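Letter by letter, the chains look like this.
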Amino acid sequence: MSASNKTATLGITALLVIAVIVAVNYLVGGIGFGNFRVDLTEDGLFTLSPGTKNILSRINADEPVTIKFYATNDDRVMPNVLKPHSRNIEDLLLEYEKQSGGNVSLEVIHPNPDTDDEDKAKEDEVRGMQVNQEGDNIYLGMTIQCLDRKEVLPFLSPDDATALEYEVSRAVAKVIKPAKTIVGYMSAMPIGGSPMYMMQRQRGQEPWAVIQQLRADYEVREVPLATDKVDSDITVLILIHPADITESTEYAIDQYLLGGGNVIAFVDSQSLLAQAYSGQQNPMTGQPGQMVNNTSDLATLFKAWGINYKKDQIVADMNYRGMIQGRINPTALQIPAKSLNADDRFTTGLQSLTLMGAGSFGVDKKEGIDAITLATSSETSELIDQAAAEKLRREDLTSFTPSGKKQILGVRLHGKFKSAFPNGKPAAPAAPKETGGAEQDATSPAASNPTPAPTPTPTPTPTPAAASAPAPATATTPPVAVPATSAPAAITPAPAAPATPKPAAAATEPKKDDGSLKESKDSERNVILFSDSDMLYDAFSLRQGELGVGLVSNGGNLPMILNAVEIIAGGGDLVQVRNRKSPVRPFSKLKEMRETVEEKYRPKLVALEADRQKIAEQLSKARPQLDLKKGQILIDNATMANIKEMEKNSRNIELEVRKIKKDVNKEVEQNKTWLKVLNIIAVPLLLLIIGLLLAMQRRAATAAA
């Protein structure tokens with residue numbers, strides 16, 4: 001065949017291939033395969049999750065669901081950044097319609113400015129976002145309706161794209177299920193909000209976002225912290241900072257758990273929110289409110305569950321440290337996904353957790369109870385006391401000795417529980433004495449603010465007399481007051497009451513069965529514990545969306561508790577939706593590289609910081625004194641020279657610290673550059689080399705022939 005014939009044959013072949021491709025595209029589109037997609041992502045990011053499919057399978061064919069998707073498509077007003085997001089939403093909803101087998105119908109409406117469709121969007125409470133000076137709005141929301149039950153997703157921000165399927169599936173699940181699960185919550189803080197004070201014309205406090213979120217899906221019931229009974233119709237009881245919880249309330253929780261309940265508890269070693277709430281003015285009285293203890297635990301229950309917890313110890317972690325009050329603080333923990341249990345349903349798929357001033361759990365094996373760790377610190381962590389943690393809010397860390405072991409921050413207990421009160425219901429606490437005066441002064445500080453106790457210990461100045469002064473004041477008061485004002489048989493121990501037979505008889509009398517449960521009815525009880533309660537506050541669980549429209553989840557704090565409630569409440573389908581991977585992957589490798597570099601320089605920085613602190617203390621003592629009577633500065637030449645020398649040394653240290661930080665940044669930037677080179681050049685270069693080798697091989701084979 002001549003060269004011209006070969007060229008003609010190749011041209012005809014190319015035309016035929018193009019014609020076939022066009023024909024196939026036309027045929028596929030014409031017979032309804034236009035939406036056919038293949039999801040090749042690692043985690044199936046664009047495929048409906050099993051949870052969504054389960055929810056769709058429960059739709060009653062006689063009660064179909066209608067989804068109205070409102071998306072502006074006018075190019076004049078619709079921002080380019082939202083157009084692909086709008087297409088992704090519509091694609092996802094088409095998957096819902098297809099997967100439902102005809103039980104979900106989709107209506108796509110384009111509410112462009114000044115149209116009837118815009119009026120429909122407003123009637124359906126879909127929220128518009130103004131985009132220009134003319135007052136034009138764009139819409140990107142939807143309604144999901146089944147019979148008279150309707151859910152509205154007013155605006156679907158691209159910032160929260162990972163939660164899109166969850167939001168839609170949750171709305172579908174709500175409209176097809178009229179009955180709600182009951183969730184109880186208990187706290188020493190007003191997390192459920194407060195009513196409006198009409199007389200003072202003041203707005204009440206808003207509930208925490210976690211409570212609002214739960215109210216959207218469940219019937220939420222507040223349980224008083226001083227209760228002696230938890231209603232059995234509550235499916236999940238959530239404890240958020242149960243400060244100063246009484247033994248009677250712990251007994252109520254114990255019996256609720258054994259009777260078939262489930263508990264999620266967030267205790268705290270240093271609650272920032274409790275500190276903020278303490279002493280706030282009461283709008284009704286205008287007087288300072290009550291103090292809220294900033295530590296909390298469940299001492300009796302923890303002992304029965306095999307949990308060791310010291311509420312005055314706080315985790316400081318140099319690898320997972322975050323920001324708080326504009327400072328990097330090792331007690332502000334940013335726990336990455338690699339330190340969360342990826343195999344447990346409660347934490348799988350979470351990207352991160354944020355904890356503030358968290359404590360640490362120890363776990364002892366208890367018969368019948370399985371303990372599963374949910375979250376830990378890194379090994380570069382240690383436990384510090386409250387005074388040291390408070391100091392970190394103002395100063396950098398100057399001394400740190402890593403423990404070399406991971407601290408447990410979250411744990412799940414599952415199985416058959418035994419009662420923490422084997423002797424039955426504890427006696428009611430003694431009524432407070434209204435004696436006032438010295439006795440009241442002696443008892444109130446201990447009850448309202450336990451933190452002063454560790455505070456005086458770091459100061460070595462008190463003389464022996466001063467050190468002994470406070471002890472008698474608190475230790476001697478009760479023996480004087482108790483026998484004089486209360487019944488001796490109730491409080492005085494046995495040796496003190498030989499003359500009265502009643503107490504001895506009461507002590508030996510066998511205790512009657514009060515009907516208390518001794519162990520749980522089944523082995524399916526769940527207790528989830530986290531050592532921080534601030535993590536549920538809005539500031540640590542939400543952030544402003546980049547478009548300025550509403551708040552979106554910040555990390556996994558909020559999804560984590562919603563996961564837990566959802567699983568325990570018996571569903572579990574939504575968890576499989578919520579835990580989908582994010583399409584945006586964090587630069588974890590870069591972060592690890594930075595941590596490695598900082599770890600190399602950290603000892604030197606810590607030593608320099610200690611030297612600077614020492615010089616600062618010396619300078620404060622060597623400052624010249626002012627003689628007010630004579631109006632003169634009292635200082636000799638030697639002292640002045642010493643001050644100048646110390647100031648010079650301090651400046652040198654600052655320069656050296658700055659140089660080290662520059663070196664750290666330089667080394668980190670070099671690592672970034674190498675990563676970019678590998679990502680941008682290495683793969684194409686590898687392909688080029690392979691191509692050249694193949695070409696050389698072919699040429700050699702042709703030459704040999």
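Further remarks concern the pattern of salt bridges. It is possible for side chains of opposite charge to pair when their charged atoms get near one another. Enumeration over the complete set of coordinates arrives at 20 salt bridges. A salt bridge links K174 to E151, with the nearest nitrogen and oxygen atoms 3.2 Å apart. Of this pair, K174 sits in helix 5 (residues 164-175) while E151 sits in strand 5 (residues 149-153), placing them 23 residues apart in sequence. With a shortest N-O distance of 3.5 Å, E390 and R393 are connected by a salt bridge. Residues participating in the shared-partner salt-bridge network are E151, E167, R170, K174 and D217.

The subject of this paragraph is helix 7 (residues 247-258). Here helix 7 is twelve residues long and its end C-alpha atoms lie 16 Å apart, about the 16 Å a rise of 1.5 Å per residue gives. Most of helix 7 sits out of view: eleven of its twelve residues are buried. Taken together, the buried positions of helix 7 are occupied by S248, T249, E250, Y251, A252, I253, D254, Q255, Y256, L257 and L258. Lining the buried residues of helix 7 we find strand 6 (182-187), strand 8 (236-240), strand 9 (263-266), helix 9 (299-305) and strand 19 (525-530).

So, about the packing of aromatic side chains. Aromatic rings considered in pairs are described by the distance between their centres and by the relative angle of their planes. Enumeration according to the criterion identifies nine aromatic pairs in this entry. Here the aromatic rings of Y251 and F421 are separated by 5.5 Å at their centres, their planes lie at 85°, and the arrangement is edge-to-face. Placement of Y251 in helix 7 and of F421 in the loop between strand 18 (408-415) and helix 11 (437-448) is noted, with a sequence separation of 170 residues between them. Here Y251 and F421 have matching classes, each one buried. Members of the aromatic cluster, connected to one another through ring pairs, are F302, W305, Y309, F361 and F417.

To continue, consider a negative patch on the surface. A surface patch of like charges, here negative, comprises D114, D116, D119 and E123. Inspection of the secondary structure assignment puts D114 in the loop between strand 2 (104-109) and helix 4 (116-123). Overall, D114 belongs to the exposed group, its relative accessible area being 73%.

For the chain, mean pLDDT is 79; residues scoring 70 or higher make up 77% of the total. Low pLDDT, under 50, characterises residues 434-507; the predicted model gives this stretch 22 contacts beyond four residues in sequence or across chains.

Spatially, the three strands line up as an open sheet ordered 12-13-14, and their pairing is antiparallel. In this open sheet, the two edge strands, each paired with only one partner strand, are strand 12 (321-324) and strand 14 (352-356). Direction aside, neighbouring strands of the sheet carry axes that sit 45° apart on average. Direction of pairing for strand 13 (residues 327-336) relative to strand 14: antiparallel, over a ladder of five bridges. Each residue of the ladder has a partner; that of Q334, found in strand 14, is T354.

What follows covers the environment of V172. Relative to the helices and strands, V172 is located in helix 5. When its relative accessible area of 1% is taken as the criterion, V172 is described as buried. For V172 and I59, which are 113 residues apart along the polypeptide, the C-alpha to C-alpha distance reads 8.8 Å. Look past the residues within four positions of V172 in its chain and what remains in contact with it is I55, L56, I59 and I144.

Definitions and limits used
Residues numbered from 1 in each chain as written. Predicted model: local features only at pLDDT ≥ 70, side-chain atom pairs only at ≥ 80, totals over all residues. Heavy atoms only, no water. Salt bridge = Lys/Arg side-chain N within 4 Å of Asp/Glu carboxyl O. Helix = DSSP H or I, 4+ residues; strand = E, 2+ residues; numbered from the N terminus. Expected span 1.5 Å × (residues − 1). Buried < 20%, exposed > 50% of the residue type's maximum accessible area, 1.4 Å probe, protein only. Contact = heavy atoms within 4.5 Å. Phe/Tyr/Trp six-rings, centres within 6.5 Å; stacked < 30°, edge-to-face > 60°. Patch = residues over 30% accessible without salt bridge, like charges linked within 9 Å, V, L, I, M, F, W, Y side chains within 5 Å. Areas by Shrake-Rupley, 256 points an atom, 1.4 Å probe, with all protein chains shown as cover. Lys, Arg positive; Asp, Glu negative; His and termini not counted. Charge placed at Lys NZ, Arg CZ, Asp CG, Glu CD. pLDDT = per-residue confidence, 0-100. Pairing = 2+ DSSP bridges. Axes fitted to C-alpha atoms, helices over the stretch in contact; angles between N-to-C directions.

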